[in-house]
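# Descriptive structure summary
Chain by chain, the residues:
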Amino acid sequence: MDGVEAVEAASGHSFDRHTHEQFGIGLIHQGAQKSLSGRGMVEAGAGDMITVNPGEVHDGMPIGDAGRSWRMLYFDPIVIADAMEDISQSRTRAAEFTAPVFHDARTSRHFQALFGVVTTTKDCDRTEMLGEECLLSLLADAMRTNDGQGQAEPVPAAIARAQSLIDDDPAAAIALADLAEVADLSRFQVVRGFAKSFGLTPHAYIVQRRIDMVRRLIARGMPLAEAAAEGGFADQSHMTRIFARKYGLSPGAYAQSFQ
């Protein structure tokens, strides 16, 4: 399905703090994990659903020595917006998962059905209709099970200007002084503002945006060395180290999944 990425993994890897550009929802199959999400420290075990919003800083580590296995579906924001517009009968395109972990049998069944469509169905016409049905059913349930917590505080305008400077060209050589100048703040205020708004320092935010760029380029088939250079990394090995720490697999393994 366009705009949908499926991941299945079994691992004892502890993931560094990172973000995704997509919405993510998944199911823990075996074992358990704990993670510091943008909504606090949470634990999830077998049968639990887990979620993440675009830009939400989170990590993940197994509980116990056995590791854990899980499936995830990641959705481009436009896919979620279109679905929410349909579900709400054109009242809104906005969406946010507010429950980082929840347990709901019906949502789990809808998730498994959509995961099956995305990963196994070969009939394109059948895939399109089934995918739409399963996606709408899953989101209607997942949003229904939200815990009702309030929306995150908006990013201050000054910090948003500094964020835009990075987002416009993540691979560019940007100094903290450049961010402070565009934000009309001191360097310390920029550091503190980024940490409060994004859960990342400016440097960590730049690295995350660069690895996001690299991930997209690799998915499109760009050779790893070229992707590293395009993403502003010193070399391929530098990119590989960061990629593996954040996502638990090498860029090469990620590239192979698209072949």
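Everything quoted here is computed from the prediction, not taken from an experiment.

Along the chain, the position of Glu-132 falls in helix H3 (residues 124-144). Taking relative accessible area as the criterion, Glu-132 reaches 45% and is therefore assigned partly exposed.

Counting 24 residues, the largest nonpolar core has Ile-25, Leu-73, Phe-75, Phe-97, Phe-111, Leu-114 and Leu-135 as its most contacted members. Those elements that place two or more of their residues in this core are strand S3 (23-37), strand S7 (68-75), helix H1 (77-87), helix H2 (105-120) and H3. The element that contributes the greatest number of residues to this core is H3, accounting for 6 residues. The residues touching Leu-73, leaving out its near neighbours within four places in the chain, are Val-4, Glu-5, Ala-6, Phe-23, Gly-24, Ile-25, Phe-111, Leu-114, Phe-115 and Val-118. Core analysis: the second largest hydrophobic core is formed by 15 residues, Leu-217, Phe-233, Tyr-247 and Tyr-254 among them.

To continue, consider the packing of aromatic side chains. Counted by the stated rule, this structure contains 8 aromatic pairs. Taking 6.1 Å as the distance between ring centres and 80° as the angle between the ring planes, the aromatic pair formed by Phe-15 and Trp-70 counts as edge-to-face. In this pair, Phe-15 is assigned in strand S2 (residues 15-18) and Trp-70 in strand S7, connecting sequence segments 55 residues apart. Summarising the aromatic geometry, the rings of Phe-194 and Phe-198 are spaced 5.1 Å apart at their centres and angled 65° between planes, so their arrangement reads as edge-to-face. Residue Phe-194 and its partner Phe-198 are both found in helix H6 (residues 187-198); the two are separated by 4 residues, about one turn of the helix. No difference in accessibility class separates Phe-194 from Phe-198, as the two residues are buried.

What follows concerns the pattern of salt bridges. All told, the structure shown has 10 salt bridges when counted by the stated rule. Among the ionic pairs, Arg-215 bridges to Glu-5, the shortest N-O distance being 3.6 Å. Of this pair, Arg-215 sits in helix H7 (residues 202-219) while Glu-5 sits in strand S1 (residues 4-11), placing them 210 residues apart in sequence. Taken together, the shared-partner salt bridges in this structure form one network comprising Glu-21, Asp-167, Arg-209, Asp-212 and Arg-216.

This paragraph deals with H2. Across its 16 residues, H2 extends 22 Å between first and last C-alpha, which sits within 8% of the 22 Å expected from 1.5 Å per residue. Among the residues of H2, those classed as buried are Thr-107, Ser-108, Phe-111, Leu-114, Phe-115 and Val-117.

A few words now on the environment of Ala-46. Here Ala-46 shows up in the loop between strand S4 (40-45) and strand S5 (49-52). Residues Ala-46 and Leu-249, spaced 203 residues apart in sequence, show a C-alpha to C-alpha distance of 22 Å. Beyond its immediate chain neighbours, meaning those up to four positions away, Ala-46 contacts Ile-28, His-29, Gln-30, Gly-31 and His-103.

Taken as a whole, the protein shows an average pLDDT of 88; of its residues, 94% reach a score of 70 or greater. In the model of the protein, H3 stands out as the element of lowest mean pLDDT, 81, in contrast to helix H4 (residues 157-168), which has the highest, 95.

On to the packing of H7 against helix H9 (residues 236-247). The interhelical angle for the contact between H7 and H9, taken along N-to-C directions, is 95°, at an axis separation of 11 Å. In terms of their interaxial angle, H7 and H9 are classed as roughly perpendicular. Along its contact with H7, which presents Val-207, Gln-208, Ile-211, Asp-212, Val-214, Arg-215 and Ile-218, the element H9 presents Met-239, Ile-242, Phe-243, Lys-246 and Tyr-247. A breakdown of the residues in the contact of H7 with H9 according to their chemical character gives 8 nonpolar, 1 polar and 3 charged.

Let's shift gears to the side chain of Ser-69. Among the secondary structure elements, Ser-69 is positioned in strand S7. In contact with Ser-69, not counting residues within four places along its chain, are Ala-9, Ala-10, Leu-27, Ile-28, His-29 and Gln-30.

Here H6 spans 16 Å end to end across 12 residues, near enough to the 16 Å set by a 1.5 Å rise per residue. Here H6 has its buried residues at Val-190, Gly-193, Phe-194 and Phe-198. An end-on view of H6 places all buried positions within 100° of arc, on one side of the element. Seen from the open side of H6, the exposed residues pointing more than 90 degrees away from its buried face are Phe-188, Arg-192 and Lys-196. Tucked into the core, H6 has its buried residues touching H4, helix H5 (176-183) and H7. Looking at the residues trailing H6, positive phi occurs at Gly-199, about 75°.

Thresholds, definitions, all that
- Residues numbered from 1 in each chain as written.
- Predicted model: local features only at pLDDT ≥ 70, side-chain atom pairs only at ≥ 80, totals over all residues.
- Heavy atoms only, no water.
- Helix = DSSP H or I, 4+ residues; strand = E, 2+ residues; numbered from the N terminus.
- Buried < 20%, exposed > 50% of the residue type's maximum accessible area, 1.4 Å probe, protein only.
- Core = buried A, V, L, I, M, F, W, Y, C linked by side-chain atoms within 4.5 Å.
- Contact = heavy atoms within 4.5 Å.
- Phe/Tyr/Trp six-rings, centres within 6.5 Å; stacked < 30°, edge-to-face > 60°.
- Salt bridge = Lys/Arg side-chain N within 4 Å of Asp/Glu carboxyl O.
- Expected span 1.5 Å × (residues − 1).
- pLDDT = per-residue confidence, 0-100.
- Axes fitted to C-alpha atoms, helices over the stretch in contact; angles between N-to-C directions.
- Parallel < 35°, antiparallel > 145°, perpendicular 65-115°, else oblique.
- Nonpolar A, V, L, I, M, F, W, Y, C, P; charged D, E, K, R; others polar.
- Arc of directions from axis to C-beta.

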